[in-house]
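# Residue-level structural notes
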Amino acid sequence: MIEEDEARNKILERTPIGSAVRIPLDEACGAYLAKELLATVDLPGFDNSSMDGYAIRAADQQNFETLRVGGEQPAGPVLPLPVAEGEAIRIFTGAPIPDEADAVVMQEDTQVEEGADGERWLRITDPVEKGENIRACGGDLCVGQKILSAHDLLTSSRIGLLASQGLDWVDVIGSPRVAIVVTGDELVPVGRPLRKGQIYNSNGPMLQTLVRQAGAKVERVFHAKDDVETVEFFLSEALEHCDITIVTGGVSVGERDLVKDRLNALGVDTGFWRVKVKPGKPFLFGTRGEDRLVFGLPGNPVSSYVTFLLFVLPALLKWRGRVLDDEKATVPLQKFKARLLTEMSNPGDRPHYIRGRVNVERATFEPLGLQESHAVFGLSQANALLRLDPQVELKKHARRDVFLLDPAW
Ligand code: AMP
Ligand code: MG
């Protein structure tokens, strides 16, 4: 049995970083950039107005009571409308600043009077400084400037930035193809009738969701009955077609726990089996060749869930190009400092991941539901995990970091 950190380090040592792929920009949110990017378009690309108003020569405000409105410059075309002395040009947000203009008065600070000859005259009620309400060419960024680094996460705002550069594709680090193999004679697929003694396969849909949330692709899903041939067949299919195989169930010590031997028969080296964590002790990690990873998760749903977060998620994120803040292989979940609403103790010899509820406004944490590895309802109510070290007692009101689950908007 090995320690949790050692297990995670061993996994990450064997996890490659994916190779670059070119994908459409509108599919790139959540991916990590493959290489640094330089700006190819100035932003703004030309001096333009930040207001609906009037482009003027600022100095004219001292010399003229009113300015003759000489024309109209909308956003889009560049019209030949240089501003003559004593003149103003009607202008709209985003429109290019006419030649000779050096300020824009917002329309709320003006009055327009129409003369008998149809001429329009502008009176400025609140004078502007030279340069006011003009967004200067290159003021935000200039051609050649670095805009993103390799391994940067593409967020919605960065997709916007790349679009502002005219890109309709982007080179990102590819994600692994993942196979999920659930094992168990007792399992019934959702949507089918349940007989006594049977249970629904809840790990399958849960793990598919977790893999997708981690940004990887679920390419194959198999359900293997607990017999040697079937387990071996589906594991070999998974290893053949996918970079990462996630098996649940069948990794414990019972006679029907066939996974470890079948993996070995298929040429998988067991990196380690059994980790000092609760829940999740029977967790297994193996590799085949340089580029096939296998994770054996215990069948109990909470153990499956927790070991996915502790050991599979870091590997998926590394493959996809996420760089850890520090070099240490920590759990890639957001931490939150919370005050405990009850005392807690762990008399055991393994760290215990306690499921519970964080109240973000009050910064409190409270354990919740059955803390047993089959209890999916309790897990479903939890929004945080607290790692309680072995032989530790925590007092009520102690402040501890907890890991946030499923960050939601
Ligand atoms: P195992 O690791 O195969 O010994 O399974 C441990 C426990 O988890 C047993 O009670 C199984 O019935 C249950 N279990 C295994 N696989 C699943 C699954 N896919 N969905 C829900 N429960 C499961
Ligand atoms: Mg089983």
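No experiment lies behind these values; they were computed from the predicted model shown.

## Points about the sheet that holds strand E25 (residues 384-388)
Reading around the barrel, the five strands line up as E21-E24-E23-E25-E27 and close back on themselves, with mixed pairing between neighbours. Ignoring strand direction, the axes of neighbouring strands in this sheet form an average angle of 55°. Bridge analysis of strand E21 (residues 335-340) against strand E24 (residues 364-367) gives two bridges, and the strand direction is parallel. Residue pairing for E24: Leu-340 is matched across the bridge by Phe-365.

## Things to note about the site of ligand 1
With respect to spatial proximity, 15 residues lie near ligand 1, and among them Glu-186, Asn-201, Gly-250, Gly-299 and Asn-300 are the closest. A distance of 2.5 Å separates an oxygen atom of ligand 1 from a polar side-chain atom of Glu-186. Here Ser-202 contributes a backbone N or O atom positioned 3.1 Å from a nitrogen atom of ligand 1. Coverage of ligand 1 by the protein chains reaches 77% of its 480 Å² of free accessible surface. Here the shell around ligand 1 is built from residues that sort into four nonpolar, nine polar and two charged.

## Description of the packing of aromatic side chains
Considering all chains together, one arrives at seven aromatic pairs under this definition. Here the aromatic rings of Phe-272 and Phe-283 are separated by 6.1 Å at their centres, their planes lie at 35°, and the arrangement is tilted. Here Phe-272, found in strand E18 (residues 269-273), pairs with Phe-283, found in the loop between E18 and strand E19 (284-288); they are 11 residues apart in sequence, far enough to count as distant. The exposure class of Phe-272 is buried, given its relative accessible area of 5%. Both rings, one in Phe-272 and one in Phe-285, keep their centres 5.8 Å apart while their planes meet at 35°; by these two values the pair is tilted. Here the residue Phe-272 occupies a position in strand E18, and Phe-285 occupies one in strand E19, the gap between them amounting to 13 residues.

## A look at the state of the cysteines
Under the definition given, this model contains zero disulfides. Here Cys-142 stays unpaired: no disulfide links it, and the sulfur of Cys-137, its closest cysteine neighbor, is 7.3 Å away.

## Regarding the pattern of salt bridges
Summed over the entire model, instances satisfying the criterion amount to 16 salt bridges. Where Asp-5 meets Arg-8, a salt bridge forms, and the shortest distance between an N and an O atom there is 2.9 Å. A residue pair is termed a helical-turn pair when its members lie 3 or 4 positions apart in one helix, as Asp-5 and Arg-8 do in helix H1 (residues 4-14) at three residues. For Asp-5, a relative accessible area of 46% gives the class partly exposed. Glu-87 is the salt-bridge partner of Arg-68, the closest N and O atoms lying 2.6 Å from each other.

## Considerations on the side chain of Arg-292
Tracing the backbone through its elements, the reader meets Arg-292 in strand E20 (residues 292-297). Exposure remark for Arg-292: the relative accessible area of 14% places this residue in the buried category. Here Glu-240 takes part through its backbone oxygen, which lies 3.2 Å from a polar atom of the side chain of Arg-292. Among the polar contacts listed, one links the side chain of Arg-292 to the backbone oxygen of Cys-242, at a separation of 3.0 Å. Leaving out residues up to four positions away in the same chain, Arg-292 has contacts with Arg-177, Leu-239, Glu-240, Cys-242, Asp-243, Gly-286 and Thr-287.

## Side note on the environment of Thr-155
Looking at the element boundaries, Thr-155 is found in the loop between strand E11 (146-148) and helix H3 (156-164). C-alpha of Thr-155 to C-alpha of Cys-29: the two residues are 126 residues apart in sequence and 5.4 Å apart in space. Within the structure, Thr-155 has its side chain in polar contact with the side chain of Ser-157 (distance 3.2 Å).

## As for the sheet that holds strand E17 (residues 244-248)
Taken in spatial order, the six strands make up an open sheet running E16-E13-E17-E20-E19-E18, and their pairing is mixed. Edge strands, defined here as strands with exactly one partner in the open sheet, are strand E16 (217-224) and E18. Sheet twist, expressed as the mean angle between neighbouring strand axes with direction ignored, is 20°. As judged from the four bridges shared by E18 and E19, these two strands associate in the antiparallel manner.

## Here we look at the packing of H1 against helix H7 (residues 301-319)
Taken N-terminus to C-terminus, the directions of H1 and H7 make an angle of 30°; their axes are 9 Å apart at the nearest point. Looking at the two axes, H1 sits roughly parallel to H7. For H1 against H7, the interelement crossing comes out right-handed. On H7, the residues touching Glu-4, Ala-7, Arg-8, Ile-11 and Leu-12 of H1 are Leu-310, Phe-311, Pro-314, Ala-315 and Lys-318. A per-class count over the contact of H1 with H7 returns seven nonpolar, no polar and three charged.

## Comments concerning the environment of Pro-193
By the element assignment, Pro-193 lies in the loop between strand E14 (187-188) and strand E15 (199-200). In this structure Pro-193 comes out as exposed when scored by relative accessible area, which is 69%. Each C-alpha atom of the pair Pro-193 and Glu-13 lies 44 Å from the other, and the pair is 180 residues apart in sequence. Each residue touching Pro-193, except ones within four places of it in the same chain, is listed here: Val-188, Gln-198 and Tyr-200.

## Thoughts on the domain arrangement of the chain
Here the domain parsing of the chain yields domain 1 (4-19 + 174-320), domain 2 (22-42 + 142-173), domain 3 (48-135) and domain 4 (335-404). Using only C-alpha atoms to locate each centre, domain 2 and domain 3 end up separated by 37 Å.

Conventions adopted
- Residues numbered from 1 in each chain as written.
- Chains lettered and ligands numbered in written order.
- Predicted model: local features only at pLDDT ≥ 70, side-chain atom pairs only at ≥ 80, totals over all residues.
- Heavy atoms only, no water.
- Pairing = 2+ DSSP bridges.
- Helix = DSSP H or I, 4+ residues; strand = E, 2+ residues; numbered from the N terminus.
- Axes fitted to C-alpha atoms, helices over the stretch in contact; angles between N-to-C directions.
- Near = heavy atom within 4 Å.
- Polar contact = N/O pair within 3.5 Å; in protein donor to acceptor, adjacent residues only side chain to side chain.
- Areas by Shrake-Rupley, 256 points an atom, 1.4 Å probe, with all protein chains shown as cover.
- Nonpolar A, V, L, I, M, F, W, Y, C, P; charged D, E, K, R; others polar.
- Phe/Tyr/Trp six-rings, centres within 6.5 Å; stacked < 30°, edge-to-face > 60°.
- Buried < 20%, exposed > 50% of the residue type's maximum accessible area, 1.4 Å probe, protein only.
- Disulfide = S-S within 2.5 Å.
- Salt bridge = Lys/Arg side-chain N within 4 Å of Asp/Glu carboxyl O.
- Contact = heavy atoms within 4.5 Å.
- Parallel < 35°, antiparallel > 145°, perpendicular 65-115°, else oblique.
- Left-handed = near helix turned anticlockwise from the far one by under 90°.
- Domains from an automatic or database assignment.

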